[in-house]
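Coordinate inspection notes
Spelled out, the chains give:
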Amino acid sequence: MKVTIEQSWEEVLCEEFNSPYFYQLVKFVKQEYATKTIFPPGKLIFNAFNLCPFDKVKVVILGQDPYHNFNQAHGLSFSVNDGVEIPPSLVNIYQEIESELSVKTLPTGNLERWAKQGVLLLNATLTVQAHMAGSHQGKGWERFTDAVIQTLVKRREHLVFMLWGNYAQQKSKYIDKSKHLVLTAVHPSPLSAYRGFFGCGHFRDANDYLIVHGLEPIDWR
């Protein structure tokens, strides 16, 4: 299993990659890929980073786990491969975008187009065993992705963090709100979206904030 990460991320996260916990994490992940069906494909574990270099990040959208069914996960939170049915949470995200911005979203669940504009679609855990949600939690990925958030907060300015649901909102403790914009709402899943995700205004607010700070807004279509 050969895994690479974009150079700017490799540089700013070198301390993490050289930490004992990360060596143990790599050992665990390699063993899992060698003996079980694991998602996403190994070469896509760091896809979110490879499509969105460190100095290009404008918005961070935090998920929890990769999708755990075949042909869904490809290393971007909330995103699925082209040709795959759009998951319910992403359907609700699209509905909110269309309502806020009066645009029509594209008929695909592949969000690479967002990543290439500066949206870091980060899952807290970057791998998962097939059909076993949460199976790679507590193995070290969360420590790594917490370090990603902390590094962005420290070294960058005027980022937008979209934290949906209780799990994502726990990460707000790492974010300096005098330097960055934090947007919180319930999770966009069908179980909770009607309790405050719909009407949250996050996509409009994110673009307004970017424009105020001289940055190109995101085309959320």
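Structure shown above.
Now for a look at the structure at hand. (Residues numbered from 1 in each chain as written. Predicted model: local features only at pLDDT ≥ 70, side-chain atom pairs only at ≥ 80, totals over all residues. Heavy atoms only, no water.)

**Here we look at the pattern of salt bridges**
Throughout the structure, instances matching the rule amount to 4 salt bridges. The residue Lys-36 makes a salt bridge to Glu-32 at a minimum N-O spacing of 3.0 Å. (Salt bridge = Lys/Arg side-chain N within 4 Å of Asp/Glu carboxyl O.)

**Considerations on the sheet that holds strand β3 (residues 119-123)**
Pairing within the open sheet is parallel, and its 4 strands lie in the order β3-β2-β5-β6. Across the chains shown, the open sheet's two edge strands, defined by having one partner strand only, are β3 and β6 (181-185). The sheet shows a mean angle of 20° between the axes of neighbouring strands, direction not considered. Taken together, the 5 bridges between strand β5 (residues 160-164) and β6 define a ladder with parallel strand orientation. What sits directly across from Val-160, in β6, is Leu-181. (Pairing = 2+ DSSP bridges. Helix = DSSP H or I, 4+ residues; strand = E, 2+ residues; numbered from the N terminus. Axes fitted to C-alpha atoms, helices over the stretch in contact; angles between N-to-C directions.)

**Remarks on the packing of helix α5 (residues 88-101) against helix α9 (residues 202-212)**
It is the contact of α5 with α9, at a shortest axis distance of 8 Å, that shows an interaxial angle of 60°. Here α5 lies oblique to α9, going by the angle between them. Contact residues: Ile-93, Glu-96, Ile-97, Glu-100 and Leu-101 in α5; His-202, Phe-203 and Arg-204 in α9. Per-class residue counts for the contact of α5 with α9 are 4 nonpolar, 1 polar and 3 charged. (Parallel < 35°, antiparallel > 145°, perpendicular 65-115°, else oblique. Contact = heavy atoms within 4.5 Å. Nonpolar A, V, L, I, M, F, W, Y, C, P; charged D, E, K, R; others polar.)

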